[in-house]
Amino acid sequence: RHLAPIRAPKVTTNCKLANVSNRLVTLRNGRNGDDDRKEQKSLDEFLDSPMFDLDAMERKEGTMESQFATFVKNNYNKVEVVLGGIFIAFMVVVSMEILRMQMYGANYIPFTAGGRDFFAQAINASF
């Protein structure tokens, strides 16, 4: 059994939410679909394009780019592990700084072991 598409009544207020709702209903009912398909296609093409084009980089003979491209092609697994390690280390540092920011609040000093009170205690303890 084929069901007819759901069509919501048009809202005639100036509310932004009503405009969004009308836009969603319009999209669902199939009107203005060509523009959305073009936008989706261009977004898909952008997301499918490689960040580094190793073939183009490798064509530049004698440059660091060509050496990098050759290294990545020959040792892909090693490069993947190194980049994964760098990403994890970066995220650990960021999470530690967020935790310190939460713990010390107004006394937070970036990339130090403690807040301002920590340094004051260290100076007082040394005398």
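Read on for a plain summary of the structure.

So, how was this worked out
- Residues numbered from 1 in each chain as written.
- Predicted model: local features only at pLDDT ≥ 70, side-chain atom pairs only at ≥ 80, totals over all residues.
- Heavy atoms only, no water.
- Helix = DSSP H or I, 4+ residues; strand = E, 2+ residues; numbered from the N terminus.
- Buried < 20%, exposed > 50% of the residue type's maximum accessible area, 1.4 Å probe, protein only.
- Contact = heavy atoms within 4.5 Å.
- Areas by Shrake-Rupley, 256 points an atom, 1.4 Å probe, with all protein chains shown as cover.
- Patch = residues over 30% accessible without salt bridge, like charges linked within 9 Å, V, L, I, M, F, W, Y side chains within 5 Å.
- Salt bridge = Lys/Arg side-chain N within 4 Å of Asp/Glu carboxyl O.
- Polar contact = N/O pair within 3.5 Å; in protein donor to acceptor, adjacent residues only side chain to side chain.
- Arc of directions from axis to C-beta.

Section: the overall build of the protein
Now for step 1: Along the backbone of the protein there are 6 helices and 0 strands.
Now for step 2: By residue count, 13% of the 127 residues in the protein fall in the buried class.
Now for step 3: Across the protein, every contact between residues at least 6 apart in sequence was considered, and the portion connecting residues at least 24 apart equals 4%.
Now for step 4: Carbon and sulfur atoms provide 63% of the accessible area of the protein, an area that totals close to 11,200 Å².

Overview of a nonpolar patch on the surface
Now for step 1: A contiguous nonpolar surface patch, about 600 Å² in accessible area, is contributed by Phe87, Ile88, Phe90, Met91, Val92 and Met96.
Now for step 2: Of note, Val92 is situated in helix α5 (residues 76-104).
Now for step 3: Classification of Val92 by relative accessible area gives partly exposed; the value is 40%.

Observations regarding the side chain of Ser66
Now for step 1: Tracing the backbone shows Ser66 in helix α4 (residues 64-74).
Now for step 2: Looking at Ser66, the relative accessible area reads 7%, which means it is buried.
Now for step 3: A distance of 2.8 Å separates a polar atom in the side chain of Ser66 from the backbone oxygen of Thr63.
Now for step 4: Setting aside anything within four residues of it in sequence, one finds Ser66 in contact with Met57, Glu58, Lys60 and Glu61.

A few points about the side chain of Glu97
Now for step 1: Along the polypeptide, Glu97 turns up in helix α5.
Now for step 2: A residue is classified by how much of its surface remains accessible, and Glu97, at 9% relative accessible area, is buried.
Now for step 3: Here Arg100 takes part through its side chain, which lies 2.6 Å from a polar atom of the side chain of Glu97.

Considerations on α4
Three or four residues apart is the spacing at which side chains of an α-helix point the same way, because the helix has 3.6 residues per turn.
Now for step 1: For α4, the full list of buried residues reads Ser66, Ala69 and Val72. The buried side chains of α4 occupy one side of the element, clustering within an arc of 130 degrees when seen end-on. Turned more than 90 degrees away from the buried face of α4 sit Met64, Gln67 and Asn74, all of them exposed.
Now for step 2: Lining the buried residues of α4 we find α3 (54-59) and α5.

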